[in-house]
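Observations on the model geometry
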Amino acid sequence: MKEQIFLLNERGELVEMNESGYLTEDLLQKLLADYPNLLSGSQINPGRPRRWLLISREIGVHDSEVANSRWSLDHLFIDQDGIPTLVEVKRSTDTRIRREVIGQILDYAANGVSYWSLDEIQLKFEAQYKNADKGIEETLRDFLEGEEEDKFWENVQTNLLAGKIRMLIVADIIPKELQRVIEFLNGQMSPAEILGVEIRQFIGQNLKTLVPRVVGLTSNAQLVKSTNRNSVGKWTEESFLSKYLENHGQAETALVKQILDWIRPKVSEFWGGNGTAQGSIFPILRLKESHYAIGLWTNGAIEVQFQWMRIRQPFDSLGMRQEFISRLNSIKGVNISMDKIEKRPSFKISVLQDPIELNKFFEIMNWYFDQVRSF
């Protein structure tokens, strides 16, 4: 049964407005691109309403490291905390909204997290706004509201690494069957979340009113996610080492502390990731730009940040990154292939337990810092 709402106009007259579907899916997609607030960030997080930066409409999603896209996601937004937000739009008249849309958006999320690079996301954002009235820099500056641009993109990368994303299924009406599935999945997911956003349209006397409603925020799901957030939060050196000790024992934790102590005087700060399942620490050297070559993870890996290095001098040079790989591969137990030169390959921290290999690693990092400081 179609619903009604009533609008009191400026003349004090009551205008009856009747629910009406969208003529095409594209109309609803365009509304979201033009007016992201329709995603109702205040319902998603009443204490700290979400704000949305549109990265792209119809963004390609790969199912391998080959650049060709297999799927096309309707919208990719990022919120003010750098959480990628995947939006898939369906009309209630589309039969796929009952079940298929769940598999569809999970495909996009799983493969987007695995194969999107930060560089690709930034390029899509720049393409989206290069011809806009505000332009790229002003759009980003207004969205960040005084926050550092580098920090924002670092958060995006960390959230991608940790799988901390948000999936939104948007429709004029969310069927009850779909709502139950969304509520169930959202209660099981962490740090990812999946929600539905119902945007009903009411028309009357040449007026339109759009009424958004978020579904999936059950009290149980909110409790689970709140507990997870509070139990970890942003990783500090202390919490990182504590978790590492729990996962890998005293000897390997002592090795990690030795690495951190060696790096500390050479960098500006240690930046802790926001992951819940795994903790991370990134040594950051802040010069004209923020530089970091590695991240240490509580799963026992050192991750090499070629994806970030490739947009920072002097490692925007392919030859410099190839040299870095060659030096790292001189460490016994490290074997990074050249096809990972724009990715985030990793190797086990445990290979550095041999003092000879650890000294090689320190020499390589000294070389890295010398190269960065020379520019």
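Predicted model only: the values in this text are computed from it and were never measured. (Residues numbered from 1 in each chain as written. Predicted model: local features only at pLDDT ≥ 70, side-chain atom pairs only at ≥ 80, totals over all residues. Heavy atoms only, no water.)

Before going further, it helps to spend a moment on the nonpolar core. Grouped together as the largest cluster of nonpolar side chains are 63 residues, with contacts concentrated most on Phe-152, Trp-153, Leu-168 and Val-170. For this core, the leading source of residues is strand 3 (residues 52-61), giving six residues. With near-sequence residues (within four places) excluded, Val-170 lies in contact with Leu-28, Leu-32, Leu-39, Val-87, Glu-88, Val-89, Lys-90, Val-197 and Ile-199. Within the second largest apolar cluster, 43 residues are counted, among which are Ile-263, Ile-294, Leu-296 and Tyr-368. (Core = buried A, V, L, I, M, F, W, Y, C linked by side-chain atoms within 4.5 Å. Buried < 20%, exposed > 50% of the residue type's maximum accessible area, 1.4 Å probe, protein only. Helix = DSSP H or I, 4+ residues; strand = E, 2+ residues; numbered from the N terminus. Contact = heavy atoms within 4.5 Å.)

Under the criterion given, the structure shown has 26 salt bridges. Where Asp-119 meets Arg-310, a salt bridge forms, and the shortest distance between an N and an O atom there is 2.3 Å. Separated by 191 residues along the polypeptide, Asp-119 in helix 4 (residues 118-129) and Arg-310 in the loop between helix 11 (306-309) and helix 12 (318-328) bring together distant segments of the chain. What makes Asp-119 buried here is its relative accessible area of 14%. Of the charged contacts in the structure, one is a salt bridge between Arg-166 and Glu-193, with a shortest N-O distance of 2.7 Å. With Arg-166 in strand 6 (residues 166-171) and Glu-193 in strand 7 (residues 193-204), the pair connects residues that are 27 residues apart, well separated along the chain. Residue Arg-166 is classed as buried on the basis of its relative accessible area of 3%. Owing to a relative accessible area of 12%, Glu-193 belongs among the buried residues under this scheme. Residues joined in a network through salt bridges with shared partners are Arg-48, Arg-50, Asp-79, Asp-81, Arg-166 and Glu-193. (Salt bridge = Lys/Arg side-chain N within 4 Å of Asp/Glu carboxyl O.)

Here the focus is the pairing of strand 7. Regular strands show a simple pattern: their side chains alternate between the two faces of the sheet. Counted residue by residue, strand 7 has eleven buried out of twelve residues, so it is predominantly covered. Sheet analysis places strand 2 (residues 14-19) next to strand 7, joined by two bridges and oriented antiparallel. What sits directly across from Asn-18, in strand 7, is Ile-203. Pairing between strand 6 and strand 7: six bridges, direction parallel. Counted as the bridge partner of Ile-169 is Gly-196 from strand 7. Alignment of strand 7 against strand 8 (residues 207-215), held across nine bridges, turns out to be antiparallel. Its bridge partner lying in strand 8, Arg-200 is registered against Val-211. Counted along the chain from strand 7 to the antiparallel partner strand 8, the turn is two residues long, and its residue Gln-205 has a positive phi close to 50°. (Pairing = 2+ DSSP bridges.)

This part covers the side chain of Glu-198. Inspection of the secondary structure puts Glu-198 in strand 7. Within the local environment of Glu-198, its side chain forms a polar contact with the side chain of Arg-200, the two groups lying 3.2 Å apart. (Polar contact = N/O pair within 3.5 Å; in protein donor to acceptor, adjacent residues only side chain to side chain.)

Looking now at helix 1 (residues 25-34). Among all positions of helix 1, only Leu-28, Gln-29, Leu-32 and Ala-33 are buried. One side of helix 1 carries all its buried residues, which in axial view fall inside an arc of 140°. Among the structural elements, strand 3, strand 4 (71-79), strand 5 (84-89), strand 6 and strand 7 are those in contact with the buried residues of helix 1. (Arc of directions from axis to C-beta.)

What follows is about the packing of helix 4 against helix 5 (residues 136-144). Running from N to C, helix 4 and helix 5 cross one another at 110°; their axes reach a closest spacing of 9 Å. For the element pair helix 4 / helix 5, the angle class is roughly perpendicular. Where helix 4 approaches helix 5, its residues Phe-125, Glu-126 and Tyr-129 are matched on the opposing element by Ile-136, Thr-139 and Leu-140. Looking at side-chain class alone, the contact of helix 4 with helix 5 contains four nonpolar, one polar and one charged residues. (Axes fitted to C-alpha atoms, helices over the stretch in contact; angles between N-to-C directions. Parallel < 35°, antiparallel > 145°, perpendicular 65-115°, else oblique. Nonpolar A, V, L, I, M, F, W, Y, C, P; charged D, E, K, R; others polar.)

Counted under the stated rule, the structure contains three cavities of 30 Å³ or more. Taken as a whole, the largest cavity holds about 50 Å³ of empty space. Surrounding the largest cavity, Ser-290, His-291, Tyr-292, Trp-308, Met-309, Arg-312, Gln-313, Phe-315 and Tyr-368 form its lining. Elements that contribute at least two residues to the lining of the largest cavity include exactly strand 11 (290-291) and helix 11. The calculated volume of the second largest cavity comes to roughly 40 Å³. If you go around the second largest cavity, the residues you meet are Lys-2, Glu-19, Ser-20, Gly-21, Ser-92, Asp-172, Ile-173, Arg-200 and Gln-201. Of the residues in the lining of the second largest cavity, the class split is one nonpolar, four polar and four charged. (1 Å grid on protein atoms, 1.4 Å probe; cavity = no way out; pocket = protein on both sides within 12 Å on 5 of 7 lines; lining within 4 Å. Points joined across faces, edges and corners; volume = space filled by probe spheres on them.)

Another point: the environment of Leu-352. Secondary-structure assignment places Leu-352 in the loop between strand 14 (346-348) and helix 13 (355-373). Residue classification places Leu-352 among the buried positions, given a relative accessible area of 0%. Counting along the chain gives 19 residues from Leu-352 to Gly-333, while the straight-line C-alpha distance between them is 8.7 Å. The residues touching Leu-352, leaving out its near neighbours within four places in the chain, are Leu-255, Ile-259, Ile-302, Ile-331, Phe-347, Glu-357, Leu-358 and Phe-361.

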